[in-house]
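# Secondary and tertiary structure notes
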Amino acid sequence: MFRVLITDPLSKLGIEQLLDATDVKVVQKTDLSKEELLTEIADADALIVRSQTQVTAELIQHAKKLKVIGRAGVGVDNIDIPAATAQGIIVVNAPDGNTISTAEHTFAMLISLARNIPQGYRSIVRGEWNRKAYVGVELNNKTLGILGLGRIGTELAKRARAFHMNVMAFDPYLTEDRAKKIGVQKASLDHVIAASDFITVHTPLTKETRHLIDAKAFSQMKNGVRILNCARGGIIDENALFDAIQSGKVAGAALDVFETEPPGEHPLFTLPQVIATPHLGASTREAQENVAIDVSQEILHILRDEPFKNAVNLPSIPAELQEKLRPYQILAERLGSFSIQSAEGALEEITITFSGELAEMDTAPLSRIILKGTLSHYLSDVNYVSAPYLAKERGIKVTEQKTSQSHGFTHLIHVGIRTDQGEFIVSGTLLNGLGTRIVKIDQYPVDVQPEGHLLLIHHYDRPGAIGRVGTILGDHGVNIATMQVGRKNIGGRAIMMLHVDKQVSETLLESLEALDEIHRVTAIDL
Ligand SMILES: NC(=O)C1=CN([C@@H]2O[C@H](COP(=O)(O)OP(=O)(O)OC[C@H]3O[C@@H](n4cnc5c(N)ncnc54)[C@H](O)[C@@H]3O)[C@@H](O)[C@H]2O)C=CC1
Ligand SMILES: O=C(O)CCC(=O)C(=O)O
C-alpha cells in the first residue's frame with residue numbers, strides 16, 4: 001500500500017483517482033508545523049504540494065521512502081530539486097492545467113491596472129464619487145512587453161492581440177517562426193524593456209531571472225510604464241519597484257506574487273498605484289481540478305512503475321519511447337552492474353555506446369539505467385534519477401555515443417569502464433525470444449546470460465586449466481551450471497565465464513587464484 005501525503009489544499013474531485021485507488025492510502029494534512037511535517041514525511045511514498053509547503057533539503061532527508069514529489073501547479077521553486085535528485089526522488093509538476101487561468105488572471109490584472117478598477121472600487125465603497133482621480137489608459141495600440149513566452153505568456157499574448165495591443169516578447173527560446181505564428185514581435189530584453197507601455201513577466205524564478213527587472217531595468221523604461229508580475233515574487237526587485245513608482249517612472253504595478261508570501265504589510269501596499277491579489281493566478285475551480293488530476297495521475301504512474309511524462313528532474317520521455325526502451329532495461333542495468341564488478345580499481349570514466357537499431361533512438365534513459373547499475377555497486381540508494389548527479393558529484397566522466405556498426409547483431413550496448421588500474425568493456429544484446437545476452441567481454445566473444453552467480457576467470461590457455469578449476473569448485477561444493485571459454489590465440493590469454501549455483505566464498509576465490517595458469521578471478525552477482 002502506497003502512502004500519499006498531501007500537505008496543501010487540493011481539489012477533492014482532482015484527487016478522486018488517488019482516493020479510489022486500492023493500492024493507495026491518502027493522508028491529507030494541511031497547515032502542518034515543521035516538526036509535524038518531518039514526522040509525516042518519514043513513511044510517505046509520495047508527497048503532493050502546491051506552493052505553500054516548502055520542500056526543503058531537511059524535509060527531503062527525513063523522507064526515507066519517498067519516490068516522488070508532485071507539485072499541483074507549475075512553479076517548483078518551493079521544492080529543493082537538487083536535494084530531491086541527490087536522493088533519487090522524482091519531482092513532477094502539472095505544467096498545463098493552470099495555464100489558461102493564470103493567463104486570464106494576468107489579463108484581468110492588465111485591464112484593472114489600465115483602468116484603476118480596484119482603486120475605483122475602494123473609493124466608491126468609501127462613499128466617494130471621484131471620477132477625475134481614476135482616469136485610465138486604453139490597451140488599444142499600446143505595446144505589451146512579455147518576458148518569458150512560454151505557456152502562460154503565449155496565452156496572454158493571444159488575448160492582448162484580441163485587444164489590438166502590439167505584443168513584443170523576449171524569451172531565449174523564442175524563434176522567429178514561433179513569434180510570427182503567435183503574432184508577436186521577437187525582441188531583445190533591452191528592446192522590450194525600453195519600448196513597452198506595459199511589461200509583464202512569465203518566466204520561472206531561477207538564478208538567471210531573480211531581479212530580472214531591477215533598478216537599472218526600470219531606468220531604461222518609458223516614463224509611465226506599467227508593470228505586472230503574475231509569475232513569481234523575486235523576478236522583479238520589489239525595492240527597486242517601490243522607488244520607480246515613487247519617482248513617477250512607473251505609473252502602476254499589478255502583483256499577484258511576492259518575494260515573501262504572505263507579504264504582510266508590504267511597503268508597496270502604501271502606494272495607491274499598486275494593485276494586488278494574494279497569488280490567485282491559478283485559483284479557479286477548473287485549474288485546481290486540472291492540476292490535481294494531472295499530478296495524481298503522474299503519482300500513480302510513478303508508484304506503479306508505469307510510464308510518466310512531467311518529471312522536472314528527469315528528461316521527459318514520451319510514453320511511446322518508454323515502451324520501446326522497456327525491453328532493454330534489464331540488459332542495461334545488468335551490463336552496468338557486470339562491468340563495474342569485473343573491473344578493478346577506482347572508477348574514473350564510463351563510456352556507453354549504443355549500436356544498430358538502438359543508435360536511432362533517444363537512449364538517454366538507458367544510459368541512466370546503466371549508470372545506476374554501475375554506481376549501485378559502490379553507493380546505496382542510487383536510482384536512475386540520482387545516478388547522473390552522483391556520478392558528476394564524484395567526478396566520474398560519463399560519455400554516451402552511438403554507432404551504426406553492430407557486428408551482425410540488430411543492436412548492441414557496450415559499456416566501457418576506465419579505472420585508475422585499466423580498462424574493461426562488456427557488450428550485450430537482446431536476442432529475439434531468448435532474452436538478454438553478454439556477447440563480448442573485452443575482446444573475447446562469449447554467449448552468457450547476465451543473471452545469477454558468475455565467475456569471470458582470466459587465465460592462460462593451457463591444457464588442464466579448465467579441469468583444475470572444475471575440481472576446485474567441486475571440492476568447495478559449488479556446482480557449475482554453464483561454462484564458456486574465450487581465447488584470442490592458442491596458448492595465449494583467455495577467459496572462462498562460469499555460471500555457478502551459489503555465491504562463492506573468498507577461500508574458493510583464493511584457491512582458484514593460487515593456480516599457476518590463472519591470473520585473476522572475479523565473482524559477479526547479478
Ligand atoms: N500566479 C500563479 O498562480 C501562477 C504562476 N505561475 C508562474 O508562471 C511561470 C511561467 O509558467 P508557464 O508559462 O507555464 O511556464 P513555461 O515553462 O511554459 O514558460 C516559461 C518561459 O520562460 C522562459 N524563460 C526562462 N528564462 C528566461 C529568461 N531569463 N528570460 C526570458 N524568458 C525566460 C522559458 O524559455 C519559457 O518559455 C511559472 O514558472 C510559475 O512560476 C504559473 C502558474 C500559476
Ligand atoms: O497552487 C497555486 O495556486 C499556485 C500556482 C502557481 O503558482 C504555479 O502553478 O506555479
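Analysis parameters
- Residues numbered from 1 in each chain as written.
- Chains lettered and ligands numbered in written order.
- Predicted model: local features only at pLDDT ≥ 70, side-chain atom pairs only at ≥ 80, totals over all residues.
- Core = buried A, V, L, I, M, F, W, Y, C linked by C-beta atoms within 7 Å.
- Buried ≥ 20, exposed ≤ 12 C-beta atoms within 10 Å, placed from the backbone.
- Domains from an automatic or database assignment.
- Contact = placed C-beta atoms within 7 Å.
- Nonpolar A, V, L, I, M, F, W, Y, C, P; charged D, E, K, R; others polar.
- UniProt positions renumbered as here; feature names shortened; annotations may be inferred.
- Helix = DSSP H or I, 4+ residues; strand = E, 2+ residues; numbered from the N terminus.
- Near = placed C-beta within 6 Å.
- Pairing = 2+ DSSP bridges.
- Axes fitted to C-alpha atoms, helices over the stretch in contact; angles between N-to-C directions.
- Arc of directions from axis to C-beta.
- Parallel < 35°, antiparallel > 145°, perpendicular 65-115°, else oblique.
- Left-handed = near helix turned anticlockwise from the far one by under 90°.

So, on to the nonpolar core. Membership of the largest hydrophobic core comes to 93 residues, with the highest contact counts inside it found for I48 and I299. Looking at which domains feed residues into this core, each of domain 1 (2-96 + 286-303) and domain 3 (319-525) supplies at least three. Not counting residues within four places of it along the chain, the set of residues in contact with I48 comprises V4, I6, L10, G70, A72, V295 and I299.

Attention now goes to the domain arrangement of the protein chain. As far as domains go, the protein chain holds domain 1 (2-96 + 286-303), domain 2 (99-276) and domain 3 (319-525). Taken together, the contacts link six residues of domain 1 with six residues of domain 3. By residue class, the composition of the side of domain 1 that touches domain 3 is three nonpolar, three polar and no charged.

Bringing the UniProt feature "domain: ACT" (unreviewed entry) in the protein chain into the picture now. Taking the numbering used here, the UniProt-annotated feature "domain: ACT" (unreviewed entry) corresponds to residues 454-526. For the annotated span residues 454-526, helix accounts for 26% and strand for 42% of the residues, and the straight-line distance between the end C-alpha atoms is 8 Å.

Once that is clear, we can look at the site of ligand 2. Taken together, R50, S51, G73, V74, G75, N98, H279, G281, A282 and S283 make up all the residues around ligand 2. Each residue belonging to the shell around ligand 2 can be placed in one class, and the counts come to two nonpolar, seven polar and one charged.

Here we have five strands laid out as an open sheet, ordered β2-β1-β3-β4-β5, and parallel in their pairing. The open sheet has two edge strands, β2 (24-28) and β5 (90-93), and neither has a second partner. Pairs of neighbouring strands in the sheet enclose a mean axial angle of 20°, with direction left out of account.

To continue, consider helix α11 (residues 238-246). For α11, the set of buried residues is E238, L241, A244 and I245. Down the axis of α11, the sector holding all buried residues measures 120°, keeping them to one side. Residue G248 follows α11 closely and has a positive phi angle near 90°.

In this chain, E261 is followed by P262 through a cis amide linkage whose omega measures -5°. With respect to the secondary-structure elements, P262 resides in the loop between β11 (250-255) and β12 (274-276). One non-glycine residue, N116, lies in the positive phi region at around 55°. Checked against the element boundaries, N116 lands in the loop between α5 (99-115) and α6 (117-125). Notably, H211 is not glycine yet its phi reads approximately 55°, a positive angle. Structurally, the position occupied by H211 is in the loop between β9 (198-201) and α10 (215-220).

The immediate surroundings of ligand 1 are formed by 32 residues, with G75, G148, G150, P204 and G281 found nearest. Ranked by the residues each element gives to the shell around ligand 1, the list is headed by helix α7 (residues 151-162), at three residues. The class makeup of the residues in the shell around ligand 1 is 14 nonpolar, 13 polar and five charged. No fewer than three residues from each of domain 1 (2-96 + 286-303) and domain 2 (99-276) sit in the shell around ligand 1.

Right, let's talk about the packing of α5 against α7 for a bit. The description of two helices packed together rests on the angle between their axes and the distance between the axes. Direction vectors running N to C along α5 and α7 enclose 50°, while the axes themselves pass 8 Å from each other. The angle between α5 and α7 places the two elements in the oblique class. For the crossing formed where α5 meets α7, the hand is right-handed. The segment α5 lies against α7, with T99, I100, T102, A103, T106 and F107 engaging R151, I152, E155, L156 and R159. Classifying every residue of the contact of α5 with α7 by side-chain character gives five nonpolar, three polar and three charged.

Now for the packing of helix α14 (residues 329-342) against helix α15 (residues 364-375). Two elements in contact, α14 and α15, have axes whose closest approach is 7 Å; the angle formed by their N-to-C orientations is 40°. Comparing the axis directions of α14 and α15 gives the class oblique. As for the relative orientation of α14 and α15, their crossing is right-handed in sense. Residue-level contacts link Q329, A332, E333, R334, L335, G336, S337, S339 and I340 of α14 to L366, I369, I370, L371, K372, G373 and T374 of α15. Split into classes, the residues belonging to the contact of α14 with α15 amount to seven nonpolar, six polar and three charged.

This part is about the sheet that holds strand β22 (residues 518-525). If you walk across this open sheet you meet the four strands as β20-β21-β19-β22, and the pairing is antiparallel. Unpaired on one side and paired on the other, β20 (480-487) and β22 mark the two borders of the sheet. Each strand axis lies, on average, 15° off the axis of its neighbour in the sheet, ignoring direction. Direction of pairing for β20 relative to strand β21 (residues 493-500): antiparallel, over a ladder of seven bridges. Bridge pairing links G486 to I495 in β21. In the packing of α14 onto the sheet, contacts are made with β19 (453-460) and β22, and the angle to β22 comes to roughly 145°.

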